[in-house]
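Take a look at the letters that make up each chain.
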Amino acid sequence: MARADLLLSLARSRLIWFTQATYPSYQVEGMHRLIGDTLDRVVAGELARLMIFAPPQHGKSELVSVRLPAFWLGRRPDDPVILCSYAASLAHAKSKEARGIVTDELWQQLFPGLSLDPGSRSGARWRLAEHRGATVAAGVGGPITGHGCRLGIIDDPFENWEQAQSPTMRERAWQWYRGTFRTRVWEGGAVVLIMTRWHEDDLAGRLLREDAGAWTVLRLPA
C-alpha cells in the first residue's frame with residue numbers, strides 16, 4: 001500500500017489520525033492519543049458511557065466536540081449526534097467547526113459518497129444528504145426535545161469553578177440530564193461526558209454515585 005493510501009486508511013479508521021489529517025498543526029501528546037484510542041472504542045460500539053476528566057486548555061474539546069462528530073458521521077452516517085455545553089453559543093461554535101470539516105474535500109475523500117445536505121446552513125443544526133446522520137447543538141438546560149441521537153456529547157456542563165459551587169446550578173444540570181438529555185439518547189446509544197471537575201457533587205459525581213459500573217472514566221490530571 002502506498003504511503004498516501006495508508007495515511008488515508010488510518011485517518012478513516014482512527015480518530016487521532018483523522019484529527020492530524022484534518023488539522024495538521026494539532027499538537028498530539030500522549031493524553032490525546034489515550035483519549036483518541038478510547039473514543040475509537042465508542043465509535044466502534046464497544047463503550048456506551050465514557051467520562052473524561054481533564055483541566056481546561058488541554059485540547060480535549062477539539063477532539064471530542066469538533067473532530068469526533070465529523071469522524072462519527074463519516075463512519076456512522078445514519079446515527080445522529082447531540083452536542084451540548086454550558087453555553088449554547090459554545091456548542092453552536094463547535095458544531096459549526098465540525099460542519100466545516102464535513103464540507104472539506106478531504107473529508108469527502110475519506111468518506112466517499114457522503115456530503116452535507118445543501119440546506120444545512122446553521123451551526124446549531126445540520127445534517128448529511130440522503131442519510132439520517134445529523135448534529136444538533138444546544139446549551140445545557142436548553143431545548144433538544146424532538147431530536148434523538150446515537151451519540152450524545154456533553155462538553156463541560158459548568159463554565160467555571162464559581163458556577164460549579166452553586167447548588168442551584170448543579171441541580172439544574174442534573175435535572176436537565178435526567179429529564180431531557182438522557183431521554184434523547186437512543187437505546188444502544190453512547191454518551192461522552194468531558195469536563196473539568198470543580199465539585200464532588202457535580203454532574204459526573206452524581207452519575208457515578210447512581211451507577212458507577214456503567215461508566216468508563218479517564219482521569220487526566222494536570
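Whatever comes next refers back to the structure up there.
Residues numbered from 1 in each chain as written. Predicted model: local features only at pLDDT ≥ 70, side-chain atom pairs only at ≥ 80, totals over all residues. Heavy atoms only, no water.

A.B. asks: Would you mind going over the state of the cysteines with me for this structure?
C.D. replies: What makes a disulfide is a covalent bond joining the sulfur atoms belonging to two cysteines. Counting across every chain of the model gives zero disulfides. There is no disulfide at Cys 84, and the cysteine sulfur nearest it, in Cys 149, is 8.4 Å away. Look at Cys 84 and you get buried, because its relative accessible area is 0%. (Disulfide = S-S within 2.5 Å. Buried < 20%, exposed > 50% of the residue type's maximum accessible area, 1.4 Å probe, protein only.)

A.B. asks: How should the packing of helix H8 (residues 167-184) against helix H9 (residues 203-211) be read in this particular structure?
C.D. replies: For any two helices packed against each other, the geometry comes down to the angle between their axes and how far apart the axes lie. For the pair H8 and H9, the least separation of the axes is 9 Å and the interaxial angle reads 60 degrees. As summarised for this structure, H8 and H9 are arranged oblique, according to the angle between their axes. Considering only the axes of H8 and H9, their crossing is right-handed. Contact with H8, carried on its side by Arg 170, Glu 171, Ala 173, Trp 174, Tyr 177, Arg 178 and Arg 182, involves Leu 203, Arg 206, Leu 207 and Glu 210 of H9 and no other residues of that element. (Axes fitted to C-alpha atoms, helices over the stretch in contact; angles between N-to-C directions. Helix = DSSP H or I, 4+ residues; strand = E, 2+ residues; numbered from the N terminus. Parallel < 35°, antiparallel > 145°, perpendicular 65-115°, else oblique. Left-handed = near helix turned anticlockwise from the far one by under 90°. Contact = heavy atoms within 4.5 Å.)

A.B. asks: Which parts of the structure should I look at to understand the environment of Glu 29?
C.D. replies: Inspection of the secondary structure assignment puts Glu 29 in the loop between helix H2 (15-22) and helix H3 (30-43). The spatial distance from the C-alpha of Glu 29 to the C-alpha of Thr 183 is 35 Å, given a sequence separation of 154 residues.

A.B. asks: In this structure, what is going on with helix H4 (residues 60-75)? I would like to understand it.
C.D. replies: At 3.6 residues per turn, the α-helix brings residues three or four places apart onto the same side. When the local axis directions of H4 are compared, the greatest deviation, roughly 45 degrees, occurs at Leu 68, which is followed within four positions by the proline Pro 69. The buried fraction of H4 is high, at 15 of 16 residues. (Bend = angle between axes of the 7 residues up to and from the residue.)

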